[in-house]
Amino acid sequence: MDATELLKKVRKIEIKTRGLSQNIFAGEYHTAFKGRGMTFAEVREYQYGDDVRDIDWNVTARHNHPYVKVYEEERELTVMLVVDVSGSRLFGAVGEEKREMIAEVAATLAFSAIQNNDKIGMLLFSDRVEKFIPPKKGRKHILFLIRELLDFKPESRGTDIGMALRYLTDALKKRCTTFVISDFIDGNDYRTALSVCANKHDVSAIQVYDKRDAQLPDVGLMRISDLETGAERWIDTSSARVRKTLGKWWYERQQVMTDTLRKCGVDSTSVATDEDYVRALMGLFQKRGIRQ
């Protein structure tokens, strides 16, 4: 898309998602993604029941009386958006393209993060790490992220979620809040990488998919193309067996994804490109808020 069209799309997404973050998500985000670190606040005299491991021995020695360190929860988080930019994100048969919904979901999370005074960064991946944008604060930074999501041209078209998660685990030493945004159509086994990443970081998964990924319409002969491999073939969608085979493939893939996320302790939500992602995000936030 040209520069003028891109700026219009960025502005449109900003207006919509910033409003959602301010009016709907601010409180839910704050509750669901509390700071996990603890930072030193002050020392005070030891009181009965205090943990002896918190005793500040230097202050205790100076005053000849026990003092303990008091900590408070770190509110500022580092948020990372790990976003799938493989070829399949360009698919859009029902509703908008996955790419556009992914950009809106990511922008909503980003504006929610800065409402909470958090830093936000982004990792774009296909079957390789396409781009790593370090975490920063501010509206200007978020608009840059949105432009990248809408107009980024990846070098590869495949998908490797595990590779992206391994990179994130190695790249960020401090614990961060991570959102993996993808259609999760990946033939690779990413369970081990996800488990390791989820043990280090606070990971949530957001699946954005098109309903035609799961179900074909009955419209007779159709030429289909794999957006990641470029392979093309003709299929007969009027065949109940063909439609059933695709439905079974999708169901089994969803079961594997759901089972993997659950076993790795990763909260998740799924939203189709013709559905309201606001409801999906609210469900994810509220589920996390209750569990917290």
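For the structure itself, consult the block above.
All figures in this text were calculated on a predicted structure; none of them were measured in a lab.

## Details of the pairing of strand β5 (residues 129-136)
No. 1: Where strand β4 (residues 119-125) and β5 come together, five bridges link them in antiparallel fashion. Following the sheet pairing, Ile 120 is matched in β5 by Lys 136.
No. 2: Where β4 folds back on β5, the antiparallel hairpin that results is connected by three residues.

## Quick look at the pattern of salt bridges
No. 1: By the definition in use, this model includes 17 salt bridges.
No. 2: Between Glu 104 and Lys 16 there is a salt bridge, with its nearest N and O atoms 3.0 Å apart. A residue pair is termed long-range when its members are at least 10 positions apart, and Glu 104 in helix α3 (residues 98-115) and Lys 16 in helix α1 (residues 3-32) qualify at 88 residues.
No. 3: Judged by its relative accessible area of 11%, Glu 104 is buried.

## Remarks on the environment of Trp 57
No. 1: Within the element layout of this structure, Trp 57 appears in helix α2 (residues 57-63).
No. 2: A C-alpha to C-alpha distance of 9.7 Å links Trp 57 and Lys 69, two positions 12 residues apart in sequence.

## Concerning the sheet that holds strand β10 (residues 267-272)
No. 1: Read from one edge to the other, the open sheet built from six strands follows the order β5-β4-β3-β6-β7-β10, with strand pairing classed as mixed. Here the strands that pair on one side only, and so sit at the sheet edges, are β5 and β10. Sheet twist, expressed as the average angle between the axes of neighbouring strands with direction ignored, equals 15 degrees.
No. 2: Along the sheet face, helix α8 (residues 240-263) touches β7 (202-209) and β10 and points at about 165 degrees away from the line of β7.

## Quick word on helix α5 (residues 161-171)
No. 1: Three or more residues of α5 are buried, namely Ile 161, Gly 162, Met 163, Ala 164, Leu 165, Leu 168 and Thr 169.
No. 2: The elements touched by buried residues of α5 are β3 (78-84), β4, β5, β6 (177-182) and α6 (191-200).
No. 3: In this structure Asp 160 caps α5, since a side-chain oxygen of it lies 3.3 Å from the backbone nitrogen of Gly 162.

## What to know about the environment of Asp 210
No. 1: Position of Asp 210 among the secondary structure elements: in the loop between β7 and α7 (211-214).
No. 2: In this structure, the C-alpha to C-alpha distance between Asp 210 and Asp 274, residues 64 residues apart in sequence, is 7.7 Å.
No. 3: Within the structure, Asp 210 has its side chain in polar contact with the backbone nitrogen of Arg 212 (distance 2.8 Å).
No. 4: At 3.4 Å, the side chain of Asp 210 forms a polar contact with the side chain of Thr 273.

## A closer look at α3
No. 1: With 18 residues, α3 should cover 26 Å at 1.5 Å per step; its first-to-last C-alpha distance of 26 Å lies within 8% of that length.
No. 2: With respect to burial, α3 is a largely interior element, 15 of its 18 residues being buried.
No. 3: Once α3 ends, the next one or two residues include Asn 117, with phi positive near 65 degrees.

## Here's the deal with the nonpolar core
No. 1: With 46 residues, the main nonpolar core has Leu 81, Ile 146, Ile 181 and Ile 206 as its most contacted residues.
No. 2: Elements supplying a minimum of two residues to this core: α1, β3, α3, β4, α4 (139-151), β6, β7 and α9 (277-291).
No. 3: The leading source of residues in this core is α3, at 10 residues.
No. 4: Discounting residues that sit within four places of it in the chain, Ile 146 has contacts with Val 10, Ile 13, Ala 107 and Phe 111.
No. 5: With 24 residues, the next largest nonpolar core counts Phe 125, Leu 172, Ala 193 and Val 203 among its residues.

The rules behind these values
Residues numbered from 1 in each chain as written. Predicted model: local features only at pLDDT ≥ 70, side-chain atom pairs only at ≥ 80, totals over all residues. Heavy atoms only, no water. Pairing = 2+ DSSP bridges. Helix = DSSP H or I, 4+ residues; strand = E, 2+ residues; numbered from the N terminus. Salt bridge = Lys/Arg side-chain N within 4 Å of Asp/Glu carboxyl O. Buried < 20%, exposed > 50% of the residue type's maximum accessible area, 1.4 Å probe, protein only. Axes fitted to C-alpha atoms, helices over the stretch in contact; angles between N-to-C directions. Contact = heavy atoms within 4.5 Å. Polar contact = N/O pair within 3.5 Å; in protein donor to acceptor, adjacent residues only side chain to side chain. Expected span 1.5 Å × (residues − 1). Core = buried A, V, L, I, M, F, W, Y, C linked by side-chain atoms within 4.5 Å.

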